[in-house]
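Examining the three-dimensional arrangement
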Amino acid sequence: MADDFYGRAPYSRSARSSGSRSRSRPDRYVHPDGRTGTADEERPDSSPWHWLLWVPIVIPLMPVLYNDMNPRFLGLPFYYWSQLAFAGLASLVITVVHLATKDR
Amino acid sequence: MPSFADNQTQFWIFAFVFGVVTIMGFAAGRWRRPASIHTLEEWGLGGRAFGNWVTFFLLSGDVYTAYTFVAVPTLVYGLGAAGFFPAPFLVIVYPMLFVVLSRFWSVCHVHGFVTPAEFVRARFGSRGLGALVAVLGITATMPYIAVQLIGIEAVFTVMGLPGGWPLTAAFVVLALYTFNSGLRAPALISIVKDALVVWTVLAAFIIVSSNANGWDGVFRVAEARFASTPRTDDGLLLDGHDQLSYVTLALGSAVALFLYPHTLTGVLAARNRGVLRRNLAALPLYTLTLGVLMLLGFAAIFSGIEPVGGDRNTVVPLWFNSAFPEWCAGLAFAAIGVGAMVPAAIMSIAAANLFTRNIYREYIRPDASEAEETTVSKIASLTVKFGAVLVILLLNTQFAVDLQLIGGVVIMQTLPAVAIGLYTSWLHRWALIAGIGAGLVAGLAMLYQIPQVGGPDGATVIREHFGGSAWPLANLGLDTESSIYVGVVALAVNLLVAAVLTPVLRGIDRNGGADRTRPRDYTADEGDPTVRRMSELVDGGTDTEGREHPLLVPRQTRYTPATTYRRR
């Protein structure tokens with residue numbers, strides 16, 4: 001059935017090479033419902049921490065905030081150095097969110 | 001015109017680096033060599049086993065291309081603030097990707113997908129939609145490869161070489177080692193590329209900072225230059241009505257970057273979700289190197305650089321040649337040259353995989369073996385690269401730039417199927433196809449209406465159609481000078497059509513397509529029994545020390561989707 005759907009299912013390779021016998025061989029990962037899979041069924045990948053990611057998305061999209069010559073830094077107008085600084089901001093926020101959500 | 005005789009040191013440095021890279025490209029085929037490289041996952045995804053560092057180099061090599069290094073500072077040179085949009089674009093893209101890409105990685109690893117179109121095919125149960133996404137991907141990628149050649153061409157022009165045969169020779173070499181080594185070649189070479197780029201950027205930053213007035217003087221001269229031009233759209237800051245196009249261009253470019261098949265190829269080669277997420281945290285910092293290169297547009301104004309023969313892409317290489325010692329300029333040229341090789345290789349591999357998996361195996365040879373798939377992909381990647389060379393040599397470079405402009409709008413239309421599809425399969429397959437059609441028609445119609453303006457006052461019409469991507473809102477009858485990025489409007493049309501048609505089609509066609517993915521496929525990680533691992537394919541279910549890995553499923557019991565989830 002799966003093979004009908006894919007034309008040739010990407011995972012049917014080993015089944016073909018090792019014969020169909022092996023396919024029906026029971027294995028220790030079979031679930032009661034007949035599917036193979038992990039013990040913890042669905043790990044949610046949403047987290048309140050993800051809201052923090054909006055900060056480095058929204059701020060760079062608001063030129064009114066940084067469309068200014070001053071203050072300068074190393075001789076660079078604010079418009080230029082602030083947009084480069086946003087890269088550091090994004091890096092920081094993503095790192096924080098990654099560490100906070102890593103263990104799920 | 002620059003003459004070759006004056007630039008011999010630069011040329012030999014360039015040629016030396018090129019030779020080293022070529023040797024590495026061929027040697028890459030032996031790097032962590034599996035039992036057989038004749039599978040598409042080995043050739044086209046490097047065995048899906050790249051760790052933190054290699055993934056970083058691969059993705060940075062992919063995103064920050066030679067064309068970016070040459071064309072973006074040129075924009076800043078000509079326009080000032082409005083040309084700086086890649087900075088916000090390459091900041092906002094990473095937080096966006098952080099959430100989305102992990103899901104994409106997981107579902108592709110569970111099912112063994114090599115391309116985004118294969119995911120769409122399984123998610124919406126429509127091979128037509130999958131093929132459409134594949135065709136759009138190939139269409140958008142080919143001109144992107146061609147514009148990489150423009151980066152090398154600019155360097156050759158500045159070194160006083162002719163455009164034809166050196167360009168062809170460079171690409172023949174590239175084509176051969178990609179053919180031989182697959183994704184391993186650009187992955188290994190991108191380490192050299194990044195070293196050269198960082199060296200060049202640091203040198204440039206120090207040189208400009210240490211002139212008499214530092215960056216302050218540079219900006220003063222640039223401000224005076226922009227004030228002296230009759231153009232109104234240039235300057236060190238954005239005009240009020242430039243802001244909309246600035247923001248939409250940044251947003252649209254970010255969306256497009258995620259959807260380009262070559263970005264996703266780099267992503268799929270990562271070993272696990274953690275590698276991916278750590279890289280997305282680190283990659284924004286690479287935007288700093290691009291930022292410094294963009295600022296060189298101002299440095300070029302300061303140094304009074306005039307482009308060779310009116311070709312503005314030569315501005316940055318010319319500045320390197322004037323500001324750096326000869327050997328250092330040679331290294332900078334090599335950075336651009338290698339910077340074209342890496343993404344061109346990844347792009348051609350991505351396009352070739354799309355062709356093989358979604359067109360060849362789907363419609364031409366459903367029974368193709370692993371080895372046959374790999375051969376087809378190799379040949380397709382050669383074809384794509386030579387197509388790009390022919391476009392540049394026989395047609396003209398402007399044509400490639402136009403196509404790339406259209407390509408960005410085209411690839412954005414796959415967002416509802418690929419990105420939204422990662423979260424929901426609610427959208428109906430035919431509504432998605434109709435949405436893509438409507439978005440493409442709207443996008444092309446708008447691009448057709450945009451003339452290219454230029455000349456000293458920035459208002460003379462040079463060409464009437466396909467001259468840019470900023471569509472004036474005045475076309476809608478609004479009384480404003482603001483313009484908006486075409487891709488964003490076309491995408492809105494696409495989403496609207498898809499959302500409106502979905503409930504209608506659900507009423508008619510209750511079954512829709514069968515969704516072959518399951519919710520937990522989107523959160524699977526390395527080590528989960530459902531995730532296909534290369535060690536499993538290579539070592540037959542044992543870990544590196546030969547023990548049977550407790551978490552690895554024997555090959556034959558690998559997850560096969562037995563249950564079909566019907567949508568609602």
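Residues numbered from 1 in each chain as written. Chains lettered and ligands numbered in written order. Predicted model: local features only at pLDDT ≥ 70, side-chain atom pairs only at ≥ 80, totals over all residues. Heavy atoms only, no water.

**Some details on the overall build of chain B**
Put simply, the test is: Numbering goes from the N terminus for both helices and strands, where a helix is a DSSP run of H or I of at least four residues and a strand is a run of E of at least two. Here the radius of gyration uses the C-alpha set of atoms, whereas the globule reference equals 2.2 Å times the residue count to the power 0.38. For the exposure calls, accessible area comes from a 1.4 Å probe over protein chains only, and a residue counts as buried if that area is under 20% of its type's maximum, exposed if over 50%, partly exposed in between. The contact criterion used is simple: two residues touch if any of their non-hydrogen atoms lie within 4.5 Å. The accessible surface values rely on the Shrake-Rupley method and a 1.4 Å probe; as for residues, cover is taken only from the protein chains in view. In summary, the charge assignment counts Lys and Arg as positive and Asp and Glu as negative, without counting His or the chain termini. In this description, the location of a charge corresponds to atom NZ of lysine, CZ of arginine, CG of aspartate or CD of glutamate.
The helix and strand tally for chain B stands at 21 helices and four strands. A compact globule built from 568 residues would reach a C-alpha radius of gyration of about 24 Å, and chain B, at 24 Å, matches this within 12%. Principal-axis analysis of the C-alpha atoms places the extent of chain B at approximately 70 × 60 × 40 Å. Relative to its 568 residues, chain B shows a buried fraction of 64%. Restricting to contacts in chain B with at least 6 residues of sequence separation, those with at least 24 account for 80%. As displayed, chain B offers around 19000 Å² of accessible surface, 65% of which is attributable to carbon and sulfur atoms. Each charge class in chain B can be summarised by its mean position, and for the 38 positive and 37 negative side chains these summaries are 12 Å apart.

**Let's talk about the overall build of chain A**
A tally of helices and strands in chain A yields five helices and zero strands. Starting at the N terminus and ending at the C terminus, chain A contains elements arranged as α-α-α-α-α. A total of 104 residues make up chain A; the buried ones form 47% of that total. Within chain A, residue pairs in contact and separated by at least 24 positions form 37% of the contacts whose partners lie at least 6 positions apart. Element-wise, carbon and sulfur atoms account for 64% of the exposed surface of chain A, whose accessible area totals about 5800 Å².

**A closer look at helix α1 (residues 8-27) of chain B**
Residue and element names in this part refer to chain B. The test is simple: Expected span, for any helix, means 1.5 Å times one less than how many residues it has. Directions are taken from the helix axis to each C-beta atom, and the arc is the one they span.
Compared with an ideal rise of 1.5 Å per residue, which puts 20 residues at 28 Å, α1 spans 28 Å between its outermost C-alpha atoms and is within 8% of the ideal. Among the residues of α1, those classed as buried are Gln10, Phe11, Phe14, Val17, Phe18, Val21, Thr22 and Gly25. Projection of α1 onto a plane perpendicular to its axis shows the buried side chains occupying an angular sector of 145°, all on one side. Exposed residues lying more than 90 degrees from the buried face of α1 are Trp12, Phe16 and Ile23. In the core, the buried residues of α1 are packed alongside α7 (127-158), α8 (164-181), α9 (184-209), α14 (315-323) and α15 (326-364).

**A closer look at the pattern of salt bridges**
All names here are of chain B. What counts is decided by this rule: By definition, a salt bridge exists where a carboxyl oxygen of Asp or Glu is found within 4 Å of a side-chain nitrogen of Lys or Arg.
Within this structure, the stated rule accounts for 11 salt bridges over all chains. Taking the shortest distance from any N to any O, the salt bridge between Arg48 and Glu41 comes out at 2.7 Å. The exposure class assigned to Glu41 is buried, which follows from its relative accessible area of 3%. The residue Glu373 makes a salt bridge to Arg357 at a minimum N-O spacing of 3.3 Å. You can see Glu373 sitting in helix α16 (residues 370-394) and its partner Arg357 sitting in helix α15, a full 16 residues away along the chain. Across the pair, Arg357 and Glu373 agree in class, each one buried. Through salt bridges with shared partners, one network takes in Glu118, Arg357, Arg361 and Glu373.

**A closer look at the UniProt feature "transmembrane region" (unreviewed entry) in chain A**
Selection rule: UniProt positions are given in the numbering used here, feature names are shortened, and annotations may be inferred rather than shown by experiment.
Those places that UniProt annotates as "transmembrane region" (unreviewed entry) correspond, in this numbering, to residues 78-100 of chain A. The distance separating the terminal C-alpha atoms of residues 78-100 of chain A is 32 Å; by composition the span is 100% helix and 0% strand.

**A few points about empty space enclosed by the protein**
If a probe the size of a water molecule is rolled over the atoms, the empty space left behind becomes visible. All names here are of chain B. Which entries qualify depends on this criterion: Cavity: a set of points on a 1 Å grid over the protein atoms alone where a 1.4 Å probe fits but cannot get out. Pocket: an open set with protein on both sides within 12 Å along at least five of seven lines, its lining residues, like those of a cavity, having an atom within 4 Å of a point. Grid points are joined across faces, edges and corners, and a volume is the space filled by probe spheres set on the points.
Scanning all chains against the criterion turns up five cavities of 30 Å³ or more. Considering only enclosed or pocket space, the largest cavity measures out at about 80 Å³ in volume. Every residue along the wall of the largest cavity is listed here: Phe69, Val197, Thr200, Val201, Leu293, Val316, Phe320, Ala332, Ala335 and Ile336. Where the lining of the largest cavity is concerned, the elements lending two or more residues are α9, α14 and α15.

**Observations concerning the packing of aromatic side chains**
The condition is simple: Any pair of Phe, Tyr and Trp rings, taking the six-membered ring for Trp, is counted once the centres come within 6.5 Å. Such a pair is stacked with planes under 30 degrees apart, edge-to-face with planes over 60 apart, and tilted for the rest. The rule for a charge over a ring is simple: NZ of Lys or CZ of Arg within 6 Å of the ring centre, and within 35 degrees of the ring normal.
The final tally for this structure, using the stated rule, is 31 aromatic pairs over all chains. Measuring from ring centre to ring centre gives 5.0 Å for Phe11 of chain B and Trp12 of chain B, while their planes differ by 75°; the resulting arrangement is edge-to-face. On the basis of an interplanar angle of 65° and a centroid distance of 4.9 Å, the ring pair of Tyr144 of chain B and Tyr260 of chain B is categorised as edge-to-face. Here the residue Tyr144 of chain B occupies a position in helix α7, and Tyr260 of chain B occupies one in the loop between α11 (243-259) and α12 (261-268), the gap between them amounting to 116 residues. A residue is classified by how much of its surface remains accessible, and Tyr260 of chain B, at 5% relative accessible area, is buried. These aromatic residues form a ring-pair network of at least three members: Tyr66, Tyr79, Tyr80 and Phe86 of chain A together with Phe84, Phe205, Trp215, Phe219, Phe226, Tyr246 and Phe298 of chain B. Residue placement shows Arg103 of chain B over the ring face of Tyr423 of chain B; its charged tip is 4.6 Å from the ring centre. Its guanidinium or amino end placed over the ring of Phe179 of chain B, Lys378 of chain B lies 5.1 Å from that ring's centre, counting from NZ or CZ.

**A few points about the environment of Trp430 of chain B**
Residues and elements named next belong to chain B. Note that Trp430 resides in helix α19 (residues 429-449). Assessed through its relative accessible area of 51%, Trp430 is described here as exposed. Separated by 76 residues in sequence, Trp430 and Arg506 place their C-alpha atoms 9.9 Å apart.

**Some remarks on the environment of Arg506 of chain B**
All names here are of chain B. Selection criterion: Think of a polar contact as two N or O atoms within 3.5 Å of one another; within protein, one of them needs to be a possible hydrogen donor and the other a possible acceptor, and neighboring residues in sequence only count if both atoms come from side chains.
Within the secondary structure, Arg506 sits in helix α20 (residues 486-508). Spatially, the C-alpha atoms of Arg506 and His428 are 7.0 Å apart, while their sequence positions differ by 78 residues. Within the structure, the side chain of Arg506 is placed 2.5 Å from the backbone oxygen of Trp426, a separation counted as a polar contact.

**Here's the deal with the layout of surface pockets**
Using the following cut-off: Charged residues are taken to be Asp, Glu, Lys and Arg, nonpolar residues to be Ala, Val, Leu, Ile, Met, Phe, Trp, Tyr, Cys and Pro, and polar residues to be all remaining types, Gly included.
Estimates place the volume of the second largest pocket at around 580 Å³. In terms of lining residues, the second largest pocket is bounded by 24 residues, among which Trp54 of chain A together with Met96, Val99, Val100 and Tyr423 of chain B are the most central. For the lining of the second largest pocket, the elements supplying multiple residues, two or more each, are α4 (54-58) of chain A together with α5 (86-111) and α11 of chain B. Of all the elements, α5 of chain B adds the most residues to the lining of the second largest pocket, at seven residues. Tallied by class, residues from the lining of the second largest pocket come to 19 nonpolar, three polar and two charged.

**Examining the confidence of the model for chain A**
Selection rule: Predictor confidence is given residue by residue as pLDDT, running from a minimum of 0 to a maximum of 100.
In the predicted model, chain A carries a mean pLDDT of 68, and 57% of its residues have values of at least 70. Note that residues 1-41 of chain A has pLDDT below 50 and, in this model, 93 contacts with residues that lie over four places away or in other chains.

**What to know about a nonpolar patch on the surface**
Residue and element names in this part refer to chain A. Convention followed: Patches in this entry comprise residues that are over 30% relatively accessible and not in a salt bridge; like charges within 9 Å are linked, as are nonpolar side chains (Val, Leu, Ile, Met, Phe, Trp, Tyr) within 5 Å.
Together, Trp51, Trp54, Val58, Met62, Val64 and Leu65 make up a nonpolar patch on the protein surface, roughly 660 Å² of accessible area in all. Turning to its location among the elements, Met62 is positioned in the loop between α4 and α5 (78-101). With relative accessibility at 34%, the residue Met62 sits in the partly exposed group.

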